[in-house]
Amino acid sequence: MSHFDTPDKKIHQGRNIKRFREMLGIKQEALAIALGEDWSQKRVSLMEQRETIETNLLTQVAEIFKIPVEAIENLDEEQAVNIIANTFDNGSIGYQGNQNCTFHPIDKLVQLHEEKIALYERMLKEKDEMMARLEKLIETK
């Protein structure tokens, strides 16, 4: 057997999601909001502990992170270390004078923050509307 793929290579998809989330500076709460109303920080935490994650959920997370789904499916321990090391070596941080900076994690963070604010504003508006309806109900009695 002369191929390099070792079948016993452990891929832990939940841990890979956690790794990418942390590299992108996204909190579990923000990922939960991006995944939808059925999600909570606790549910994201539980997902990150699972070795295998269903394809549709992997696809959704990959889209949120703006990374190929294969990165989550195939990343092993060794590759993860290399990716993290390269993140600091390839000029993406920008302190080496390299003009090839990639700011998309910041953009994503800003977008998630704006979405969270929009969500809070919607929730406050709905709460205010509900309070107004309750006050009308009380007044008519």
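Conventions adopted
- Residues numbered from 1 in each chain as written.
- Predicted model: local features only at pLDDT ≥ 70, side-chain atom pairs only at ≥ 80, totals over all residues.
- Heavy atoms only, no water.
- pLDDT = per-residue confidence, 0-100.
- Helix = DSSP H or I, 4+ residues; strand = E, 2+ residues; numbered from the N terminus.
- Contact = heavy atoms within 4.5 Å.
- Core = buried A, V, L, I, M, F, W, Y, C linked by side-chain atoms within 4.5 Å.
- Buried < 20%, exposed > 50% of the residue type's maximum accessible area, 1.4 Å probe, protein only.
- Axes fitted to C-alpha atoms, helices over the stretch in contact; angles between N-to-C directions.
- Parallel < 35°, antiparallel > 145°, perpendicular 65-115°, else oblique.
- Left-handed = near helix turned anticlockwise from the far one by under 90°.
- Nonpolar A, V, L, I, M, F, W, Y, C, P; charged D, E, K, R; others polar.
- Phe/Tyr/Trp six-rings, centres within 6.5 Å; stacked < 30°, edge-to-face > 60°.
- Lys NZ or Arg CZ within 6 Å of the ring centre and 35° of its normal.

A. Fine view of the confidence of the model for the protein chain. Scored by pLDDT, the protein chain comes out at a mean of 77, with 71% of its residues at no less than 70. Mean pLDDT per element in the protein chain: helix α6 (residues 77-89) is the minimum at 58, and helix α3 (residues 41-48) is the maximum at 96. Scored below 50 in pLDDT, residues 1-7 shows 0 contacts in the model against residues more than four places distant or in partner chains. Throughout residues 89-103 the model reports pLDDT below 50, and contacts reaching past four residues in sequence, or to other chains, amount to 15 contacts.

B. A look at the nonpolar core. Membership of the largest hydrophobic core comes to 23 residues, with the highest contact counts inside it found for I17, L31, L35, M47, V61, F65 and I72. Listed by contribution, the elements that provide at least two residues to this core are α1 (13-23), α2 (28-35), α3, α4 (55-65) and α5 (69-74). The element that contributes the greatest number of residues to this core is α4, accounting for 6 residues. Among all residues touching M47, those that are not within four sequence positions of it are G14, I17, L31, L35, W39, I53, L57 and V61.

C. Focus on the packing of α1 against α4. The N-to-C vectors of α1 and α4 enclose an angle of 15 degrees; their axes lie 11 Å apart at closest approach. Of the possible angle classes, the one that applies to α1 and α4 is roughly parallel. Regarding α1 and α4, the two cross each other, and that crossing is left-handed. Taken together, the residues of α4 that come into contact with α1 (itself represented by Q13, I17, F20 and R21) are L58, V61 and F65. Looking at the contact of α1 with α4 residue by residue, the classes come out as 5 nonpolar, 1 polar and 1 charged.

D. Quick peek at the packing of aromatic side chains. Applying the stated criterion to the full structure yields 0 aromatic pairs. Above the face of the W39 ring, R43 is positioned so that its terminal group lies 3.8 Å from the ring centre.

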